[in-house]
Amino acid sequence: MGSGRAWRAGAGVRDLPLTARPDTSPRPGPSAPGGPEGSAGAPLEWSFNPWRERPARSAMAAALGLAMCATLASLGEPVLLTFALCLAALASLAPLLAPARCRVDDQGATRSGPFGRDRRAWRDVRRAVRRRAGLLLSPHPRPHWLDPWRALVLPFPGGESERLHSELEPRLARHGL
């Protein structure tokens, strides 16, 4: 911790340094993506803003969140309970409303958002699936009904999708994925 960096601790999550990088460009390592090391040393980081990438879905999620909060407020429950339920309803829509920061390094993959950080160590990932909108890292070796809840989805910005996939391929291959 003497390096002068800020550190954030998470429950059951390996501590990662916080860095302030405002742009969305990936951070390749010293070697080329297809090179012998496959960008082994440096972490790959990017950010995803759903309002910029998928504005119609984000607007629909915001309208749904507002409708859910209005419905909860109309029930006449105590203010604290209404607020807690409204916050829980909005948290369920967070992937469609809030920006996310993604990081892939030698230890695993992380997606950070306003409600916390979700991290998967490579030893816990059994399957990586390339999707049009990003990468799904699942703890199950085959498609499983729990994937929507247990898998980690790393969304890709529209213009960076192909480049991120090509930079992630050697990293995934190194871990047998």
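Scroll up to find the structure this text is about.
Residues numbered from 1 in each chain as written. Predicted model: local features only at pLDDT ≥ 70, side-chain atom pairs only at ≥ 80, totals over all residues. Heavy atoms only, no water.

1. A few points about the side chain of Arg127
- Mapped onto the elements of the fold, Arg127 is located in strand β7 (residues 127-131).
- Side-chain polar atoms of Arg127 contact the backbone oxygen of His140, separated by 3.2 Å.
- Aside from chain neighbours lying at most four places away, what touches Arg127 is Leu136, Leu137, Ser138, His140, Pro141, Arg142, Pro143, His144, Asp147 and Leu177. (Helix = DSSP H or I, 4+ residues; strand = E, 2+ residues; numbered from the N terminus. Polar contact = N/O pair within 3.5 Å; in protein donor to acceptor, adjacent residues only side chain to side chain. Contact = heavy atoms within 4.5 Å.)

2. Notes on the sheet that holds strand β8 (residues 134-138)
- Across the sheet, which stays open at both edges, the three strands sit in the order β7-β8-β9 with antiparallel pairing between neighbours. Either end of the sheet is taken by a strand with one partner, and the two such strands are β7 and β9 (152-155). For this sheet the average axis-to-axis angle between neighbouring strands, irrespective of direction, equals 15 degrees.
- When β8 meets β9, the two strands line up antiparallel, connected through four bridges. Residue Gly134 lies in a different strand from β9, and its bridge partner there is Pro155. (Pairing = 2+ DSSP bridges. Axes fitted to C-alpha atoms, helices over the stretch in contact; angles between N-to-C directions.)

3. A short note on helix α3 (residues 79-92)
- The first and last C-alpha atoms of α3 sit 20 Å apart over 14 residues, in line with the 20 Å expected at 1.5 Å per residue.
- Residues of α3 that are buried sit in contact with α2 (55-74). (Expected span 1.5 Å × (residues − 1).)

4. A few points about the nonpolar core
- By size, the foremost hydrophobic cluster in this structure holds 15 residues, and its most contacted members are Trp46, Val104, Leu135, Leu137, Leu154 and Leu168.
- Every element with two or more residues in this core is listed here: β3 (44-48), β4 (100-104), β8, β9 and α6 (161-174).
- Sorting elements by how many residues they give to this core places α6 first, with three residues.
- In this structure Leu154 touches Trp46, Cys102, Val104, Ala109, Thr110, Arg111, Ala133, Gly134, Leu135 and Leu137, once residues within four positions along its chain are discounted. (Core = buried A, V, L, I, M, F, W, Y, C linked by side-chain atoms within 4.5 Å. Buried < 20%, exposed > 50% of the residue type's maximum accessible area, 1.4 Å probe, protein only.)

5. Comments concerning the pairing of β3
- In terms of burial, β3 is a largely internal element, five of the five residues being buried.
- What you see with β3 is no split at all: Leu44, Trp46 and Phe48 on one side and Glu45 and Ser47 on the other are buried throughout.
- Pairing between β3 and β4: five bridges, direction antiparallel. Each residue of the ladder has a partner; that of Glu45, found in β4, is Arg103.

6. Quick word on the sheet that holds strand β6 (residues 116-121)
- Taken together, four strands build an open sheet; the order of strands is β3-β4-β5-β6 and the sheet is antiparallel. Edge positions in the sheet fall to β3 and β6, since each of these pairs with one other strand and no more. Averaged over all pairs of adjacent strands, the angle between strand axes in this sheet comes to 15 degrees, irrespective of strand direction.
- Pairing geometry for strand β5 (residues 108-113) and β6, over six bridges, is antiparallel. Bridge assignment links Ala109 to a residue of β6, and that residue is Arg120.
- Sitting on the sheet, α6 touches β3 and β4, and the angle it makes with β3 is about 140 degrees.

7. A word on α2
- Helix length check: α2, at 20 residues, gives a terminal C-alpha distance of 28 Å against a target of 28 Å (1.5 Å per residue), a fit within 8%.
- Residues of α2 that are buried sit in contact with α1 (50-53), α3 and α4 (94-97).
- One or two residues past the end of α2 sits Gly76, with phi positive at roughly 80 degrees.

8. A look at the packing of aromatic side chains
- Evaluation of the coordinates by the stated rule reveals one aromatic pair.
- Look at Trp46 and Phe156: their rings are 5.3 Å apart centre to centre, the planes differ by 70 degrees, and that puts the pair in the edge-to-face class. Placement of Trp46 in strand β3 and of Phe156 in the loop between β9 and α6 is noted, with a sequence separation of 110 residues between them. With respect to burial, Trp46 and Phe156 carry one shared label: buried. (Phe/Tyr/Trp six-rings, centres within 6.5 Å; stacked < 30°, edge-to-face > 60°.)

Read these as geometric descriptors, not functional statements.
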